Amino acid sequence: VQLQASGGGLVQAGGSLKLSCAASGRTFSAIDMGWWRQAPGKEREFVATITRSGSSTYYADSVKGRFTISRDNAKNTVTLQMNSLKPEDTAVYYCASLRSGFGWGVRNADLYDNWGQGTQVTVSS
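What counts and how
Residues numbered from 1 in each chain as written. Predicted model: local features only at pLDDT ≥ 70, side-chain atom pairs only at ≥ 80, totals over all residues. Heavy atoms only, no water. Pairing = 2+ DSSP bridges. Helix = DSSP H or I, 4+ residues; strand = E, 2+ residues; numbered from the N terminus. Axes fitted to C-alpha atoms, helices over the stretch in contact; angles between N-to-C directions. Phe/Tyr/Trp six-rings, centres within 6.5 Å; stacked < 30°, edge-to-face > 60°. Buried < 20%, exposed > 50% of the residue type's maximum accessible area, 1.4 Å probe, protein only.

1. So, the sheet that holds strand E1 (residues 2–6)
The strands making up a sheet associate through backbone hydrogen bonding, with each pair oriented either parallel or antiparallel. Spatial strand order, E1-E3-E8-E7: four strands in an open sheet with antiparallel pairing. Each end of this open sheet is capped by a strand with a single partner; those strands are E1 and strand E7 (67–72). Averaged over all adjacent pairs, the angle separating strand axes in this sheet is 15°, with direction ignored. The pairing of strand E3 (residues 17–24) with strand E8 (residues 77–82) spans six bridges and is antiparallel. Bridging from a neighbouring strand, leucine 19 pairs with leucine 80 of E8.

2. A word on the packing of aromatic side chains
For the coordinates displayed, the defined rule picks out six aromatic pairs. A centroid spacing of 5.5 Å and a plane angle of 75° characterise the contact between tryptophan 36 and phenylalanine 46, whose relative ring orientation is edge-to-face. Of this pair, tryptophan 36 sits in strand E4 (residues 33–38) while phenylalanine 46 sits in strand E5 (residues 45–50), and the two are ten residues apart along the sequence. You'll find tryptophan 36 and phenylalanine 46 in the same group, each marked buried. In textbook terms, an aromatic cluster arises when at least three aromatic residues are bridged by ring pairs, as seen for Trp36, Phe46, Tyr94, Tyr112 and Trp115.

Taken by themselves, the reported measurements are silent on function.
In C-alpha cells, the structure reads:
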C-alpha cells in the first residue's frame with residue numbers, strides 16, 4: 001500500500017491540527033492503520049492505531065484524551081485530529097500500515113510494513 005500524509009504545519013500551544021493519510025494499492029478496509037511520530041534526536045514513537053473496521057483504537061498515554069484517530073474506508077483515508085497541542089508534540093508524523101495478523105503489536109514499529117513520507121508538526125509555546 002502507498003501512503004501519503006498531509007496536514008502538518010505550525011500551530012501555537014493549545015491549538016489544533018488535523019492530519020490525513022491517503023492510501024492506495026491494497027484493500028484499505030483490510031488494514032489496521034497507525035500514526036507514529038519522530039522528534040529530532042529521538043526514536044520513533046507510537047501515537048495511535050485504529051483497526052481495519054474502525055471498531056477499536058489505541059493511543060499512547062501522552063496523547064490520550066487530546067488526539068483522535070479515525071478512518072473512512074470508502075475514501076481510503078485515516079485521520080488524526082490533534083487538539084490541545086503542546087510543544088512536546090512537535091515532530092514529523094508518519095502514517096503506517098500494520099502487518100496482517102499482528103494486531104497484538106500495535107506499539108511495535110517493526111510490525112508496520114508501509115510508511116508514508118511524514119508531515120511536520122511544529123507547536124510553538
